[in-house]
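Observations on the model geometry
As a plain string of letters, each chain reads:
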Amino acid sequence: MAMPMESPISFTNVGKIKWWQRGIFASQTGYVLLALAVLLVIMHFASPYFFTEGNMQNVAKNFSFIAIATLGVTFVIITGGIDLSVGSMMCFSAMITSMVMTELSAPGSPAGSLFVHMAADGKTVLANVPGLILLVSVLAGLGVALIAGLVNGFCIAVLGLSPFVTTLGMLSIVRGLGYVVSNGRGSFPGGPDADYFYAATSGDVLGVPVPFIYLVILALAMAVVLHHSPFGRHVFALGGNEKAAELTGIPVVRVKIEVYVICALAAGLQGIIISGWLGSAPANMATSYELNVIAAAVIGGANLAGGIGGPLGAIVGCVLLEVIRNGLVLAQVSSYWQQTLVGVIIILAVLVDRIRSRMT
Amino acid sequence: MAQVDATPVLELTGIGKEFGAIRALHGVDLQVQPGEVVGLMGDNGAGKSTLVKIIAGNFRPSHGEIRFAGSAVHFSRPVDARAVGIEVVYQDLALADNLTAAANVFLGRELKRKFGPIALLDHKAMAARALELFGELRSETRPDDLVKQMSGGQRQAVAIARTRLSNARLVMMDEPTAAISVRQVEQVLGLIHRLKEQGVAVMLISHRMPDVFAVCDRVIVMRRGEKRADKPIDQTSPEEITALITGAKEAA
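The model shown is predicted, which means the values in this text are computed figures rather than measured ones. (Residues numbered from 1 in each chain as written. Chains lettered and ligands numbered in written order. Predicted model: local features only at pLDDT ≥ 70, side-chain atom pairs only at ≥ 80, totals over all residues.)

1. Section: the overall build of chain B
Looking only at helices and strands, chain B has 8 helices and 12 strands in total. At 19 Å, chain B has a C-alpha radius of gyration in line with the 18 Å of a compact globule built from 252 residues. Viewed in the frame of its principal axes, chain B has a C-alpha envelope of about 60 × 40 × 40 Å. A total of 252 residues make up chain B; the buried ones form 48% of that total. (Helix = DSSP H or I, 4+ residues; strand = E, 2+ residues; numbered from the N terminus. Rg over C-alpha atoms; globule rule 2.2 N^0.38 Å. Buried ≥ 20, exposed ≤ 12 C-beta atoms within 10 Å, placed from the backbone.)

Structure follows, in structure tokens:
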């Protein structure tokens, strides 16, 4: 039974996988990125307006409006779950933020007297600490998202309910609460900090739209967390083999709750940003956005079976959707075609990946 | 045969387990000495898996006591068992296909590097250690390859490499040779010998009689939830063991 000692190991029977057959090059994200590049070139020749500064800003802003939520839902999808409540969550967080902002800016109310005072002319409302109202109201908006995320995570990880059903319920609960608190009318950001709010959500820095900057920062943070932190590794392990994750001592329940909280917070932040661009948070805001968000994640290469996905894919998916929408408008095609095309692309993207994995 | 005077690494007394009305295990006593390789055999439903899961901390026993290295232990989760030095190679290997070999080896106990308050994964150190472990196991496995793309033997090596991370004192292997090639079986058996040399006790749960007779010092046969035999390997024969497993012979 003596084993021949042949140390160090030589890889005589195991070839090295070529660089173009691994990593990004062998992923759906890679193909979709390539398709996107081709599409951009086509758009350049199809319309002289496409690569103008104004249009690029417009595209960057528009895809940033779903991309932050897509980052969040990608976390959940990597663990093999799904979150259908993101659209409603966007609306509810935005609504709470602008309601709290308006409430805190009313000089007469008990809460308002802490934050604002009347100027000497008796008409203008001034903030005691500029920016504090904005901070508190955004935290309130994110706070409700945090609670909804915790409830989702608790039901799924601790009670063992199916993610689809739990978040479908949450979709309805949160949308309903939005109608309840605003009496169906929605709400508007107001008060002395409203200008800061608009600047922080729909302004731009050196010509770059602010939402796009947030997106880039969050995507980079997500890349580090997913690939270089133990938490990220556990997220992937959970999606790859949940039983193995449990047996190897990964705190499965905690990781699951955390991803649903991250997803809800991302959706909440996204909603707050959208409401700054809209100038209000109507009660029907972001209805059915969950479908766009999940579609973007899936097009970008996140696998609904779990275990695969990342921030680059999420963004690529969102950009592709937006470029198609934008392109159809510039090409003067009816924008009603967009949905049909999006559906075709979802299926095509997954099909190409399936064909590739059959070939290798 | 191990010395009688040594403290057994694992000692079970009167272990029993009921699942509702079903009695899966009844009055199992057994001892495993350091550096001893014990074969655990029995037909499907004989109680082997239940026994392994109790030792590994997946189930709590309904009756009886587990002593590990002389002191009584109570496991409520697999992590507890691992903490005292019991490692298990599961039959389905418990690998995450979408991760690399190194990531799987270190799953749940990743090596980290501190950057101020943030701890990030130390990819380099994990890959180097994993390569070292695969070298010890004589497995041509690259730490950075995805487990998805690996052969049965390589996957086995990844699962076994995991047990070598900590200073395990008892390694239980659930059917490690069931789904791999002849050459890889030799490798796994060779590894069991190396574990033994280092004083690690091994419990080999297997259906394959030749493997058990090749590496084990002692064989325990389970039938209908009870221990029916516990004999040094040189005092028995494959024929006797088969008879004990099937029930042709009641006990020995």
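2. Side note on the overall build of chain A
Helices and strands together make up the secondary structure of chain A, namely 14 helices and 4 strands. Each principal axis of the C-alpha atoms in chain A carries an extent, and together these give about 95 × 55 × 35 Å. In chain A, which comprises 360 residues, the proportion classed as buried is 46%. Across chain A, contacts joining residues at least 24 apart in sequence account for 76% of those joining residues at least 6 apart. (Contact = placed C-beta atoms within 7 Å.)

3. Some remarks on the domain arrangement of chain B
Residue and element names in this part refer to chain B. Domain parsing of chain B yields domain 1 (7–85 + 168–252) and domain 2 (100–166). On a C-alpha basis, the centroid separation for the pair domain 1 and domain 2 is 27 Å. With 11 residues of domain 1 in contact, the opposing surface of domain 2 contributes 9 residues. Per element, the largest residue contribution to the side of domain 1 that touches domain 2 is 4 residues, and it comes from helix H6 (residues 182–197). Considered class by class, the residues forming the side of domain 1 that touches domain 2 number 7 nonpolar, 4 polar and no charged. (Domains from an automatic or database assignment. Nonpolar A, V, L, I, M, F, W, Y, C, P; charged D, E, K, R; others polar.)

4. Quick look at the nonpolar core
Generally speaking, a soluble globular protein has its nonpolar side chains buried in company with each other. Counting 174 residues, the largest nonpolar core has Met90 and Cys263 of chain A together with Ala130, Leu170, Met172, Val202 and Leu204 of chain B as the members making the most contacts within it. Sorting elements by how many residues they give to this core places helix H11 (residues 252–278) of chain A first, with 15 residues. Taken domain by domain, this core gets at least three of its residues from each of domain 1 (7–85 + 168–252) and domain 2 (100–166) of chain B. When neighbours within four sequence positions are excluded, Leu170 of chain B is seen to be in contact with Val9, Leu10, Val32, Gly85, Ile86, Ala201 and Met203 of chain B. (Core = buried A, V, L, I, M, F, W, Y, C linked by C-beta atoms within 7 Å.)

5. Describing the pairing of strand E10 (residues 201–205) of chain B
Every regular strand shows the same layout, with side chains that alternate between the two sheet faces. Residues and elements named next belong to chain B. Within E10, 5 of the 5 residues are buried, leaving the element largely enclosed by the surrounding structure. Bridging between strand E9 (residues 170–174) and E10 involves 5 bridges; their strand directions are parallel. Pairing of Val171 across the sheet is with Val202, part of E10. (Pairing = 2+ DSSP bridges.)

6. A few points about the packing of helix H2 (residues 53–78) of chain A against helix H12 (residues 289–299) of chain A
Residues and elements named next belong to chain A. Contact geometry of H2 with H12 gives a least axis separation of 9 Å together with a crossing angle of 65°. The pairing of H2 with H12 is recorded here as roughly perpendicular in orientation. Our pair here, H2 against H12, has a crossing hand that is right-handed. Residues Ile66, Ala69, Thr70, Val73, Thr74 and Ile77 of H2 form the contact with H12, whose own contacting residues are Tyr289, Asn292, Val293, Ile294, Ala296 and Ala297. For the contact of H2 with H12, the per-class residue count stands at 9 nonpolar, 3 polar and no charged. (Axes fitted to C-alpha atoms, helices over the stretch in contact; angles between N-to-C directions. Parallel < 35°, antiparallel > 145°, perpendicular 65-115°, else oblique. Left-handed = near helix turned anticlockwise from the far one by under 90°.)

7. With respect to the sheet that holds strand E3 (residues 37–42) of chain B
Residue and element names in this part refer to chain B. Overall, mixed pairing links the 6 strands, which are arranged E6-E9-E10-E3-E11-E12 in an open sheet. Each of the sheet's edge strands pairs with one partner strand only, and the pair in question is strand E6 (86–89) and strand E12 (226–232). Pairwise comparison of adjacent strand axes, ignoring direction, gives a mean angle of 20° for this sheet. Pairing of E6 with E9 involves 4 bridges; the strand directions are parallel. Among the inter-strand pairings, Val88 is bridged to a residue of E9, identified as Met172. Against the sheet, H6 touches E3, E9 and E10, its axis set at about 150° to E10. Strands in contact with helix H8 (residues 238–246) are E3, strand E11 (218–223) and E12; relative to E11, the strand with the most contacts, it is inclined by about 25°.

8. Here we look at the sheet that holds strand E2 (residues 22–32) of chain B
All names here are of chain B. One open sheet holds the 4 strands; their spatial order is E2-E1-E4-E5, and the pairing between them is antiparallel. Strands with a single pairing partner mark the edges of an open sheet, and in this sheet they are E2 and strand E5 (71–73). Neighbour-to-neighbour, the strand axes of the sheet open up by a mean angle of 30°, direction not taken into account. As defined by bridge partners, strand E4 (residues 63–68) adjoins E5 across 3 bridges and the pair is classed as antiparallel. Bridge pairing in E5 links Arg67 to Ala72.

9. Let's talk about the interface of chain A and chain B
Between chain A and chain B, the residue contacts involve 29 residues of the former and 27 residues of the latter. At the level of secondary structure, the elements contributing two or more residues to the side of chain A that touches chain B comprise helix H9 (230–240) and helix H10 (242–247) of chain A. Of the residues forming the side of chain A that touches chain B, the biggest block, 6 residues, is contributed by H9 of chain A. A per-class count over the side of chain A that touches chain B returns 15 nonpolar, 11 polar and 3 charged.

10. Section: H8 of chain B
All names here are of chain B. All of the buried residues in H8 are Ile241, Leu244 and Ile245. For H8, the angular spread of the buried residues around the axis is 100°, confining them to a single face. Exposed positions of H8 whose direction lies more than 90 degrees from the buried face are Glu239 and Thr246. Contact partners of the buried residues in H8: E3, helix H7 (209–215), E11 and E12. Immediately downstream of H8, the backbone of Gly247 shows phi near 100°, a positive value. (Arc of directions from axis to C-beta.)

11. Focus on the environment of Arg223 of chain B
Residue and element names in this part refer to chain B. Structurally, Arg223 can be placed in strand E11. For Arg223, a count of 21 C-beta atoms within 10 Å corresponds to the buried category. Considering only alpha carbons, one finds Arg223 and Gly42, 181 residues apart in sequence, at a separation of 6.0 Å. Setting aside residues up to four positions removed in sequence, Arg223 forms contacts with Gly42, Ala46, Arg228, Leu244, Ile245 and Gly247.

12. Some words on the confidence of the model for chain A
The share of residues in chain A with pLDDT of 70 or more is 92%, and the mean pLDDT across the chain is 87. The model gives residues 1–7 of chain A a pLDDT under 50, and that stretch makes 8 contacts with residues more than four places away or in other chains. (pLDDT = per-residue confidence, 0-100.)

13. Considerations on the environment of Leu139 of chain A
Residue and element names in this part refer to chain A. You can see Leu139 is positioned in helix H5 (residues 132–158). Assessed through the 12 C-beta atoms surrounding it within 10 Å, Leu139 is described here as exposed. For the pair Leu139 and Val100, spaced 39 residues apart in the sequence, the C-alpha separation amounts to 9.8 Å.

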